[in-house]
Amino acid sequence: MSTGPDGRAGVGVRLAGVGTALPTRTLTNEDLAGLVDTNDEWITQRTGIKTRYIAENGTTTRSLAVDSLRAAIDDAGMQPGELDMVLLATMTPEMSCPSTAARVVHEVGASPAGAMDLAAACSGFVYGLNHAAALIQTGHYKTVAVIGSETLSKITNYEDRRTCILFGDAAGAAILTADDDPARGCLAQTMRSEGSLWGELYVPRTPDDLPESHDGFTGRFNTLQMNGQEVFKFAVTTTQSIIDETLENAGVTPTDLAAVIPHQSNRRILELVKKRMDLPDGKLVINIDKYGNTSAASVPLCLNEKRRAGELSEGDLVLFVAIGGGMCWTTSLWRL
Ligand code: COA
C-alpha cells in the first residue's frame, strides 16, 4: 500500500465489477395510451421515454437486487464471500424491517457481510458510491457493493398521467474494492438535502403524511405524488451548480471528463446540462428512452452500458450526478 500526500497510508478504490437486472415485461408509450389520456408523441417530446420495464408477480426489489449483484460479482471475477458490506439504495424496499440488503447478502451467499438499506430516493446509488468510497478509504473495509434497486411500478398510480409515464423498474450493482494506487477512486463528492421541499415529491402512507396544503394530492395513498414542474426547475438549476462546484473543487474541467453519468429523470433536463457543459454527443450518458426513470437504478444502468461498450478505461475521470426526492442531490467524481 502506498503513502498518500499527507504521509498516511493511502488507500485507492477500484471499480471491480458492474451488473444489472431487468424484469421481463415492458410497458411502451402505446401501452400507456391505453391506460390514461396520453400518447407517444407527448411522452417522447416531454420526457424522451419510449418504453420502460415493469416487474411482474414474483419479481421484487430484492430479486432484482440479487440478480444485479450476482452479475456484478461475476464481472469482478470475485467470490460472494469476499464482500465486506452491501449498501442497497432504494425507495421501494420490501419491508421496513428487515432491510432488503440483509436478505440480498444472504441470498448471494455473502453472509456475514454487513448490510444496510440507504434511503435517498433517486440520489441513492450515488450517495452509496460516496459512502462506499469513504468506508474503503478508512482501511476498515476492503470490498463494498453498492446496489440501486427499484420496483417503482408498485408505488405508481396508473390512473395519474402526470407520473405513470415516467417510472420503470430495474436494478444495478457496482463492486468497489481497495486498490494499491491511492490516485484511484473518489476524488471529490457532495451529498446535499433540502427537506423543506419534501412535498414536491413524496409517497404518503396515511393522512398524517400529507403536506398542510393538499393541493396536487391525487387521493391515492402509497403512490408517488409529484409536482413535476417544480421538480424540473429544481433539477436543472441544482444539477448544474453542483457539477460546477464539484469540478472546481477537484480542479477538473468538463473536457477532462471521459463520461458524465447522470440520474435519468427527463431527457430535457439532461440535454440542458449537456449543452451548458458544452459536452459532445455521447459523453453525457442518456438511456432514458429504454428504461424511463428507474430512480436509484438509473446510474448503474448507465455505468453498465458504458462499461460493456468498452468506453471506460483505467485512469478515466467519470462524474456521477443525481437528484431526487427529499430533495436530495449529490455528485461523485471518480478516477477509474
Ligand atoms: N400526456 C398528455 N398530456 C399530459 C400528460 C401526459 N402524460 N401529463 C400532463 N399532461 C398535460 C397537463 O395536463 C398540461 O395540460 P394543460 O396545459 O391543459 O393543463 C400539459 O400537459 C402540460 O403539463 P406540464 O405538467 O406543464 O408538463 P411538463 O412539460 O412540465 O412535463 C413532466 C411534465 C412530469 C414530464 C415534467 O414536469 C418533468 O419531467 N418533471 C420532472 C419530473 C422528475 O424528474 N421527477 C423525478 C425526479 S428524480
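Residues numbered from 1 in each chain as written. Predicted model: local features only at pLDDT ≥ 70, side-chain atom pairs only at ≥ 80, totals over all residues. Heavy atoms only, no water.

Chemist: Go over the environment of R161, please, and point to the residues and values.
Modeler: By the secondary structure assignment, R161 is in the loop between strand 6 (143-151) and strand 7 (169-179). For R161, a relative accessible area of 47% corresponds to the partly exposed category. Along the backbone, R161 and L247 are 86 residues apart, and their C-alpha atoms lie at a distance of 37 Å. The residues touching R161, leaving out its near neighbours within four places in the chain, are V36 and D37. One polar contact links the side chain of R161 to the main-chain carbonyl oxygen of D37, over a distance of 3.0 Å. (Helix = DSSP H or I, 4+ residues; strand = E, 2+ residues; numbered from the N terminus. Buried < 20%, exposed > 50% of the residue type's maximum accessible area, 1.4 Å probe, protein only. Contact = heavy atoms within 4.5 Å. Polar contact = N/O pair within 3.5 Å; in protein donor to acceptor, adjacent residues only side chain to side chain.)

Chemist: Let's hear about the sheet that holds strand 11 (residues 259-262): which residues, and what values?
Modeler: Judged by pairing direction, the sheet is mixed, and its 4 strands sit side by side in the order 8-13-12-11 without closing on themselves. Both edges of this open sheet fall to strand 8 (185-193) and strand 11, since each of them pairs with a single strand only. The mean angle between the axes of side-by-side strands here comes to 10 degrees, regardless of whether they run parallel or antiparallel. Looking at chain direction, strand 11 and strand 12 (residues 317-324) are connected through 4 bridges and run parallel. From the neighbouring strand, P262 faces strand 12, where its bridge partner is V321. Strands strand 8, strand 12 and strand 13 (328-335) of the sheet are contacted by helix 5 (residues 124-137), whose axis makes an angle of about 50 degrees with strand 13. (Pairing = 2+ DSSP bridges. Axes fitted to C-alpha atoms, helices over the stretch in contact; angles between N-to-C directions.)

Chemist: Outline the packing of helix 6 (residues 228-250) against helix 7 (residues 267-277), listing residues and values.
Modeler: Interaxial distance between helix 6 and helix 7 falls to 10 Å at its minimum, and their mutual angle equals 35 degrees. The crossing of helix 6 and helix 7 is right-handed. Residues F232, A235, V236, T239, Q240, I243, D244 and L247 of helix 6 pack against R268, I269, L272, V273, R276 and M277 of helix 7. Broken down by class, the residue content of the contact of helix 6 with helix 7 amounts to 9 nonpolar, 2 polar and 3 charged. (Left-handed = near helix turned anticlockwise from the far one by under 90°. Nonpolar A, V, L, I, M, F, W, Y, C, P; charged D, E, K, R; others polar.)

Chemist: Any chance you could break down the nonpolar core for me, citing the residues and the numbers?
Modeler: Ranked by size, the top nonpolar core spans 42 residues in total, and within it L247, L257, V260 and M277 carry the most contacts. Elements supplying a minimum of two residues to this core: helix 6, helix 7, strand 12 and strand 13. The greatest single-element share of this core, amounting to 8 residues, is contributed by helix 6. Counting residues domain by domain, this core receives three or more from each of domain 1 (12-182) and domain 2 (186-335). Counting residues in hydrophobic clusters, the runner-up holds 29 residues, among them A133, V285, L303 and L336. (Core = buried A, V, L, I, M, F, W, Y, C linked by side-chain atoms within 4.5 Å. Domains from an automatic or database assignment.)

Chemist: Please set out empty space enclosed by the protein residue by residue, giving values where relevant.
Modeler: A full pass over the atoms with the stated rule returns 2 cavities of 30 Å³ or more. Its boundaries defined by the atoms lining it, the largest cavity holds a volume of some 60 Å³. When contributions to the lining of the largest cavity are tallied by element, the ones reaching two or more residues are helix 6, helix 7 and strand 12. Tallied by class, residues from the lining of the largest cavity come to 7 nonpolar, 3 polar and no charged. Empty space within the second largest cavity amounts to approximately 40 Å³. (1 Å grid on protein atoms, 1.4 Å probe; cavity = no way out; pocket = protein on both sides within 12 Å on 5 of 7 lines; lining within 4 Å. Points joined across faces, edges and corners; volume = space filled by probe spheres on them.)

Chemist: Tell me what's going on with the packing of aromatic side chains, and back it up with residues and numbers.
Modeler: Applying the stated criterion across every chain, the model contains 4 aromatic pairs. Residues W198 and Y202 carry aromatic rings whose centres are separated by 5.3 Å and whose planes lie at 75 degrees to one another, so their mutual orientation is edge-to-face. Ring centres of F234 and W329 lie 5.4 Å apart, and the angle between their planes is 85 degrees; this geometry places the pair in the edge-to-face category. One end of the pair, F234, is in helix 6; the other, W329, is in strand 13, with 95 residues separating them in the sequence. For the pair shown, F234 and W329 are each scored as buried. (Phe/Tyr/Trp six-rings, centres within 6.5 Å; stacked < 30°, edge-to-face > 60°.)

Chemist: Which residues make up the site of the ligand, and what values go with them?
Modeler: Near the ligand you find 22 residues, and of these T38, R46, R161, Q229 and N266 are the closest. Q229 is positioned with one of its side-chain polar atoms (N or O) 2.5 Å from an oxygen atom of the ligand. R268 places a polar side-chain atom, nitrogen or oxygen, 3.1 Å from an oxygen atom of the ligand. For the ligand, whose free accessible area comes to 960 Å², the fraction covered by protein is 75%. Of all the secondary structure elements, the ones that give two or more residues to the shell around the ligand are helix 2 (40-47), helix 6 and strand 12. (Near = heavy atom within 4 Å. Areas by Shrake-Rupley, 256 points an atom, 1.4 Å probe, with all protein chains shown as cover.)

None of this, on its own, says anything about what the molecule does.
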